[in-house]
Each structure stands twice: as structure tokens, then as C-alpha cells.
Amino acid sequence: MSFTEWIFLLGGLAVVGPLIAHLLAKPRYRRLPFTMLRFLHSGQIESHSRRKLRDLLILLLRCAIIVLIAMLFARPLLHIRLKPSESRSVYYLGLDNSTSMAYSERSGSYFDKLKDSAVDYIRSAENNALFNIYAFASENWMQGLSKEQALAEVKGLETEPGNANVGDFLSGLNRISQAEHKNDEVSVLVLSDFTPNTFRQFVNVAEPAAVDKIDYEPIVSSQPVSNAAIADAHVVGVVEGKLTINAAVVNYGQVEQNRRLMARTEASQSDPIDVSLSGNQRKNYLLKIDIGAIGRQPSILPVELNLSDGDGLSADDTFYLAVFIPGHEDVNILITGDSEHRLFLLKTALDTLSRTNSYDTLRIKQVLVDDLSPSDLDWANVVVSSTITDHLGNMASEIESFIKAGGRFVCFVTEAIAPEAAKQLLQRDVLAALPGRCIRERTYIQSKPYNSKISGVDHIAERSLSNYRIDKILIKGCFECQQHPDARLIWEFQDGPGFIYLKHLDSGTSILVNTSVDDSLGSLTKSSASVALCRYLLGENHQIDEYCFTCDERISLPISDWSRADTGQKEFWVETCDGRNRRASVAESFLLVPEPAGIGWVKTIGKPTLYAGVNLPQGETDMTKPSASELAGIMDRVFKTGSERIVSEAEVLHDKKRRPLWKMFAWMIILLLLAEPSVANRLKR
Amino acid sequence: MAHSRKYLDPVFLSKLGNMDLVARCAVEGFFAGLHPSPFHGFSVEYSDHREYHAGDELKFVDWKVFGRSDKLYIKQFQQETNTTAYILLDSSKSMSFASDGKVSKMDYGSYLAAALSYLMLSQSDSTALILFAEKVTKHIPPRSKRTHLNIILTALQYNRPAGQTNLAGVLHTIAETTKRRGIVILISDLLDDEADIFQGLAHLKFLKHDVIVFHTMDHQELNLDYEGLIQFEDLETKVKMRAFPQSLREGYRQRVAEFLDDIEKTTGNSGIDYCLLDTSEPLDRALVAYLSKRKRMM
């Protein structure tokens, strides 16, 4: 028998308490003068001895209860030795085939050494042994293999891009050994280079695995490691037709690296940069690559960053970066309202926005609503109206045509609203909601939108509005709005009514902002959130972006208006990194690719052409060698062998070789607790 | 309890304090339950006439006969009350036992002795009182005068239990010192060697005494109805003993029953009247026992 938490056994010292109490306690009795003692005498001797027996029994019972409780907390385990004929040898091999194992030196690659060691290990096993092999990077189990099958599997194993997954190996080991090899002798072999990433996973293991034998071998070089890698890269911007990229290069080894770094697209390449790094040094380099003038159509540019050959591992010398280049667009914004001073602050905000926009040119024109003519609508891409007047109602059909043609109609409301005109606009599907009764109550806007995944608004500006604390802006009133059946409520006031309603009409968009009765439009446009609000309402901002993932991430590419408008597709065929074609579905406004299948490019087949760069996780090829003592300590903790091993609750319940005794102890305590008073009373007679 | 029987209740009697009153209450209470006049027919009963001789008391001359025959005849009566009663009251320390602070065996015995004395002296029997423990501590010789009652009652009132029991020795002593045979009434808890007691009683019986043994026992002595851990201390020997009575009760009762059976059988075989008295019970059983004995003697 052994104890998992033996420290609790010290609690058994509490038996001293009842012992002292027994020794110090004096029996409580009543004095009584009596006459017939000679008739008591023979019985008295019996009673006295009984009393002593009772006291002793009760003392023993109480001591037993305390000791059993202490043993219960110490989690006792009964070890049952199985007959040799009942058990057989089962070997679990955890083989690291992550990218770092592809590192090669003169004597061969790490992975070749790993395979040699694994083969030797398998050959040394008994002929009837059973093998379960797990490849850390491939994340798949090969179970129930004979010796010959195991040898064949190991020889056919290849490295794969990606991290080693240690957690799955340990959980699978526990699961399989408990389900299928409860009575067998379980031995484990772990072969890995124990890079910092892998080592960290072993350190973070929460639930150790109980095995009979553990072997591990760090596959590392006896020589200093020579390996540099492009760890990360980001776009800085586009200046004068040149795309600037900031690349982080790291020397993961101990040998000084003198290499050349360059960036390349299909059309051009950057000037090479000399890279010089001492051991374990990290430096950032700016690469400039000519991409020509930005056209009207946005596009995604695949950029490949390369480090010249010269170390033991080439897989981390290339970095794949897909850069979204927004197209250039002129946006004509027509501001209309019943008075100029009402539009002043709104115009100021739009002016500010036009100055900060890098790619789009915003042209702003202002007319009074009664002067609004169809020609104004022809000129505008966006119409912003501060209110709804009868004249606007009269132009309902023109506005409908304007929206259907791809225009954006943003309408604020005030007390001066013309109800009939609003109804006309609603009937024409122009308004997203019909303003009704005026609510003259102070209110606040919610800090975040009610619906954040909706297309047609700018989601970066949405975050800005939260940061500008739009929820702190006091709104002096609003309208009860009847939502159009096709419209969606995207933002709410804190006490319930809708704040912003959005409705798509063909390729255009209509937005109703349920601002206020008095000067709430002013409150909004005077606030620090005004520019962000304008940006939010004007739709998606065209910004430079990059699509760069690691091989263990799920790829999701944003499908913006420009790409979906062309196709309307719900599903795309994509070519993944291994060159195979796979289906990728569109969810909300994102294209979801199930798995990248390696490192390199994931791209859509056909139009629009979307790219995603897939790279190794940062630090995967960090070849820093583990300390032998640290590794030994961690492996001792992760794999528990013999009587010292910690057995988890789930394991205890199923492992017949180490039968838990806590239930038995608990029942004994309960029985003793029940017996104690009855024994005491029984012996009093 | 009937109104008259109240006066037989030892608890009631213990509240009276005055021993004379106690005796009167007990006896009159007892007879009130039997018949209205207890003092008729016992002391004198007409038997025959004889001729008057000089020196005869004139009060016994039958004047009606003289008137008819001019001859002096004396009425002759059968003498019934010339018995001597020796009341032996055990005054050892063990007699002071009283469970639950009620009436002690000593008090009970005293009430009984008082009642019997009252009854006997009322019948003109000579009554003696002998108090004893290890030896005789008080000896009031037999007298038949009514005033003798006061002497007995006073002795009873001021009697205090002390010393150990030496019943056998005392019985032998009394047997040797009493010259006139009579009724020996022993009131005791009989806590002495049984064989010795029987020898003493046999000695008295041998001397033609009629012996009545009133064995006074406390209710707890008979039943041992105590609970919990108790340290018993012997009233006479001061021996201490700690025990749970509930665990001993069965055996104790059995041994006490054997003891009482033994006494009853032995006394029965010897022609000794034996009456076991529980101090929680009224005195009438004792008085009935005495009167039945007295009747048999006539």
C-alpha cells in the first residue's frame, strides 16, 4: 500500500488528543451511602472490569477513527502485483517530427537520429510487444502495432511543419492505457529535440501520466547549432509606390550568421539586405519593394521574404506575407438638411475624416434639403440628411434609385420630421425604420453595437467608438422606431430603443440614426467620437492589411464588399500549402479554410484571388538545447512510475493495479462513528 | 388512601414529630379502618363466680348475686393481658439509610415501635423497649402502666443510629437476661451474618418466647433502582464501591430475593413470625401481623 498525499499521515498524530484525554479524564460519579454492599460486590467486580474495557474500546475506536481519517486524506493505494502471465509489454513512443527536427548537420539530421534511436528501441523490445506511436507534429496515433509494423511506421515517418503537440500525446497515453492496457506493463519512450516550445508544453502538463517505465532522449547536436530564421514580418505602409515591410530575423543558434534578406513578389523584388547576427540575437530589417501605382481595385499581394541559405534548417528561411492593398476610390458625400448651422458640426467631422483618409478621397458638398435635386443624387455616393422633410418624401423614388445603384443614404432624425414623408420613404424601402412617438427622456448609447458582425459599417471605427466612450454621451431624447422588415438593428440605447438601423437595398445601403429631439445630433457631432461615428456610418474604410497565419491556426480571410459583390459566392475552392484543392465556406463576412496543410500559400482558385501566408509558429525552430537536469526533473514529474507516482482521480478509478482504498476507509470511518456511541452505551450496562 | 389510612403513612407520621402523637395516630388510624371500638373484650372477660375471701377487692363483688342470695360472690375474669412484649429496635448506622431523603429505616422502625407500644400498653401488656447496635444501648424494662408509654416514646424520640450491627450477640444477651417469657418483637434490617441471627432467634425461641421479626428494608435496598455511575459507601464499614447499578440490578435483586427467602424459610421453620416491611409502605401490615400473632397466643 502507498499513499499519494503522505503528508496527511501526520494528521494521525492527533491520536495523542484522545490518549491524553483518556489518561487525564476522571470518571464522573455520584456518592451514595448504602447498606447492602455485600449484595453488590460480585457484580461490582464485573462492572469495574467492564468499565475499563469500555473505556479502552472507546479509546481504540476514537484513535482508529482519527488514524483512518488521516489515511483517507493521504489517499491510500493498494498495489496488486499481477501475475507475469497476465501482463504483456506495451510501448508508447512519442516521436517529435516537428520542423525543428529537420535540422541537419554533417552527421545527419536530428530526425534521422530520432528514427535510428526509435528503431533500436523497438528492436530491443520483446517479440510479442505491442507498440503505440504518436508523431508530435502530425498529431496522429498509430495504435496496436506489432514490432515489424512499428519499425515500418517509424522508418516511413517524415517531419511536418508545425509545433509538437505534447498534450495530446499524454492525454492519449492515459486514455489508451486505461482503456486497453490496464494489466499490461506500460513503457514510454520520448524522442525529441526538446526545443523551448516543446519543453514548455511538458512543463505545463497538469495531469501526469502513470507508467511503469519511462525513457527519453534529447536529440540534440553536440556541436553549436547554426540556424537563423525570419521570425516575423509586418507591413509598415506604402509610400510612393513602395511597400515597406519590417522583418524580424533571429539567430536561434550559437554560430554567428551572415546572410542576405530580400522580399519578392510575382512582379518585383526588393534589394537584398545583409544580415549579420551573433548567437541568439534578434534584429529587425526594413525591406522596400516596388508595387507600382495603386489602382482603383483593391488586391492582395503575396510577398515572400527569403533568407539566403547557410544554416542547418531551411524551412524557417522563408516567410509568407499576404498584403491587402486597398484600391483608390473617390467618395462624394452630399450633406443635406433644413438649416446650415445644423449641418456645420457634421460637415466639420467629415472634413476631418477626409484629411485622415489615406486611400479614399472624400469630396463634400452641402445643400439645403429643399434645394435637393436629382442631379445632386447623381453626383453623390453618400447622402447624409440631418432630418426628413416633405421634400425628401417627394424625392423617395429618386432616393430609392440612388440606393439601388449602390449609394449610401444616412438619415438622422429630429423633432422637425415630416411623418408623411417618412412613411413614403419607408414604403419605398428607403428608410430602415419609421420614427414614431418622440421619447423625451435622457438616455445613453450602449458602449458596443448590438450586432457587430453585420457588413456595411466600418468595424475598426466601431472599436474606436467604444474607445471614445460613446456610451458616455448624453442623448436628450429619441424616437420610438418601427423597424423595416428587411432592416437590422445594429446599435441600441441603454434603455432599449434602437439607435442605428441598417438596411441593404440591392447593392446600396440605408442607415437611420435615431438621434434626438433637440440637439442630440449636435451632442454626437461635438463629441470626440464624431469622426469615428462618421467613419462608421460611411462604411468600410480601405486600409492596408496583411493576412499572415501560423500553420496551427485556422485561416479566416475577411470577404469585403469588393470581393463578394463580384461573385456572391457562399463557397470557394482554395489551394492549400500542400498544393491540394479544398473547399472553404463563407461565414458572415469571412472565408474559413479548414486547415492550411503546411507552410506556404493558401489561395483562392479563381476570382477574386485571396492569399494567406502560412508560416511556422514563432520560436518553433529555436534550437536552444534543454538543460539535462531540468529535463530530468520535468520528465520525472510528467511521468510517474512505481509507488511514488501520482495517480489522478480518473486513473485511480480504473486502474486495477493500483486499487484505491479511500472508499473502504470512508466506509470504515462511517461504521466506526456509528459504532462508537452504541458500544459506549452497551458497555455502560 | 382512605382518610384513616393517612395516619399509617410513614411520610405523614414523620411530619408529626411528636412520638406520642405518632403512636396514637398510627394505632387509632389503623383501628379506625377495622372497627369502631378497639378496646372492648380484650383486657377482661367474665369466667366464673367464687366465694368471697378476706382480702379480695370489693370492686369484684357481684352485688346483684348478693342481693338475691345474701352471699358474697366474687366475679372471676379470665386474665388476658399479662403478656410481656419486648420490642427490640435495631439502632445501628445501617438503619439510618433513607433513599431519596424520605423516611429512614430507623424512623420507620421507631414509628412501628411507638405504635406497638401504644397498642400493647393500651391492652395492659407489659412492654419493654430495647435499643441496640453492637450491643444494647438502651433497655427500658417491661411495665404495663400507661405512663410507661411516655418513657418508651421519649427513648425512641431521642434515639440516634450509630455503630455496627451485632444482632446475634444482642439476641443472645436478651435471651439470657429476660426472665419472663413473652413476645419478642425484633425490628431490624437484619444486616448481619444470617447464621448468627438465626442462632440468636433460636435462642429466644428456645426460651419459649414468641418472636416476631419485622424486617425493615428500604425500597431501594430491595430494588436498586439507581442509574448512572455511583460510588456506594457502606454506612457501617465505610467501604467504597463504584459501579453502574443498571448493570448490577438483576444480580442484586436475585441475591436479595435469595437472602429474604432464606430468612423467611428459616424463621418459618422455627415458628418465628416474619414480616418484611418496605419503608415506603404504610404501617398497617406490621400492626396486622402483630395482632394476628397476639390473637394466636390467646
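Computed from a prediction, not measured in an experiment: that's the story for all the values here.

Cut-offs used in this document
- Residues numbered from 1 in each chain as written.
- Chains lettered and ligands numbered in written order.
- Predicted model: local features only at pLDDT ≥ 70, side-chain atom pairs only at ≥ 80, totals over all residues.
- Core = buried A, V, L, I, M, F, W, Y, C linked by C-beta atoms within 7 Å.
- Buried ≥ 20, exposed ≤ 12 C-beta atoms within 10 Å, placed from the backbone.
- Helix = DSSP H or I, 4+ residues; strand = E, 2+ residues; numbered from the N terminus.
- Domains from an automatic or database assignment.
- Contact = placed C-beta atoms within 7 Å.
- Pairing = 2+ DSSP bridges.
- Axes fitted to C-alpha atoms, helices over the stretch in contact; angles between N-to-C directions.
- Parallel < 35°, antiparallel > 145°, perpendicular 65-115°, else oblique.
- Nonpolar A, V, L, I, M, F, W, Y, C, P; charged D, E, K, R; others polar.
- pLDDT = per-residue confidence, 0-100.
- Arc of directions from axis to C-beta.

Undergrad: Break down the nonpolar core for me, with residues and values.
TA: Residues and elements named next belong to chain A. By size, the foremost hydrophobic cluster in this structure holds 94 residues, and its most contacted members are Leu-305 and Leu-321. The leading source of residues in this core is strand 18 (residues 318-325), at seven residues. Each of domain 2 (84-221 + 625-656) and domain 4 (545-615) accounts for three or more of the residues forming this core. Excluding residues within four positions of it along the chain, Leu-321 makes contact with Ala-233, Ile-245, Val-303, Leu-305, Glu-546, Cys-548 and Gly-613. Membership of the second largest hydrophobic core comes to 67 residues, among which are Leu-362, Val-382, Ile-399 and Ile-417.

Undergrad: How would you explain the pairing of strand 9 (residues 185-192) of chain A if you had to name every residue and give the values?
TA: All names here are of chain A. In terms of residue burial, strand 9 counts as a mostly covered element, since six of its eight residues are buried. As paired strands, strand 4 (residues 89-95) and strand 9 are joined by seven bridges and run parallel to one another. Paired with Leu-95 across the strands is Leu-191, a residue of strand 9. As paired strands, strand 9 and strand 11 (residues 213-218) are joined by six bridges and run parallel to one another.

Undergrad: I'd love a proper account of the packing of helix 6 (residues 167-177) of chain B against helix 7 (residues 194-206) of chain B, names of residues and values included.
TA: Residues and elements named next belong to chain B. Close contact between helix 6 and helix 7 brings their axes to 8 Å; oriented N to C, the two are set at 10 degrees. The angle between the axes of helix 6 and helix 7 places the two elements in the roughly parallel class. Across the interface between the two elements, Leu-167, Ala-168, Leu-171, His-172 and Ala-175 from helix 6 touch Asp-196, Ile-197, Gln-199, Gly-200, Leu-201, His-203 and Leu-204 from helix 7. Here the contact of helix 6 with helix 7 is built from residues that sort into seven nonpolar, four polar and one charged.

Undergrad: Could you give an account of the sheet that holds strand 12 (residues 228-239) of chain A, naming the residues involved and the relevant values?
TA: Sheet strands pair by backbone hydrogen bonding; their relative direction is either parallel or antiparallel. Residue and element names in this part refer to chain A. Spatially, 12-13-16 is the arrangement adopted by the three strands of the open sheet, whose pairing is antiparallel. Here the strands that pair on one side only, and so sit at the sheet edges, are strand 12 and strand 16 (282-290). Neighbouring strand axes in the sheet, compared pairwise and without regard to direction, differ in orientation by 20 degrees on average. The pairing of strand 13 (residues 242-251) with strand 16 spans nine bridges and is classified as antiparallel. Looking at strand 16, one finds that Val-249 is bridged to Lys-283.

Undergrad: Please give an account of the confidence of the model for chain A that cites residues and values.
TA: Should the pLDDT be low somewhere, the predicted coordinates at that spot are not to be read in detail. For chain A, per-residue confidence averages 82 on the pLDDT scale, and residues scoring 70 or more make up 88% of the total. Long-range and interchain partners of residues 643-656 of chain A, a stretch whose pLDDT sits below 50, account for 26 contacts in this model, where long-range means more than four residues apart.

Undergrad: Go over the sheet that holds strand 33 (residues 581-587) of chain A, please, and point to the residues and values.
TA: All names here are of chain A. Strand order in the open sheet formed by eleven strands is 15-14-17-18-30-36-35-32-33-34-31, with mixed pairing between adjacent strands. Edge positions in the open sheet fall to strand 15 (273-277) and strand 31 (555-558), since each of these has one partner strand only. In this sheet, neighbouring strand axes are inclined to one another by 30 degrees on average, regardless of whether the strands run parallel or antiparallel. Inspection of the sheet shows strand 32 (residues 571-575) paired to strand 35 (residues 600-604) by two bridges, in the antiparallel sense. Note on strand 35: the bridge partner recorded for Val-574 is Thr-604.

Undergrad: How would you summarise helix 12 (residues 459-467) of chain A if you had to cite specific residues and measurements?
TA: Residue and element names in this part refer to chain A. For helix 12, the complete set of buried residues consists of Ala-461, Glu-462 and Leu-465. One face of helix 12 carries all of its buried residues, which in axial projection span an arc of 110 degrees. In helix 12, those exposed residues whose orientation departs by more than 90 degrees from the buried face are Ile-460 and Asn-467. For helix 12, the elements touching its buried residues are helix 14 (530-538). The first or second residue beyond helix 12 is Arg-469, which carries a positive phi of 55 degrees.

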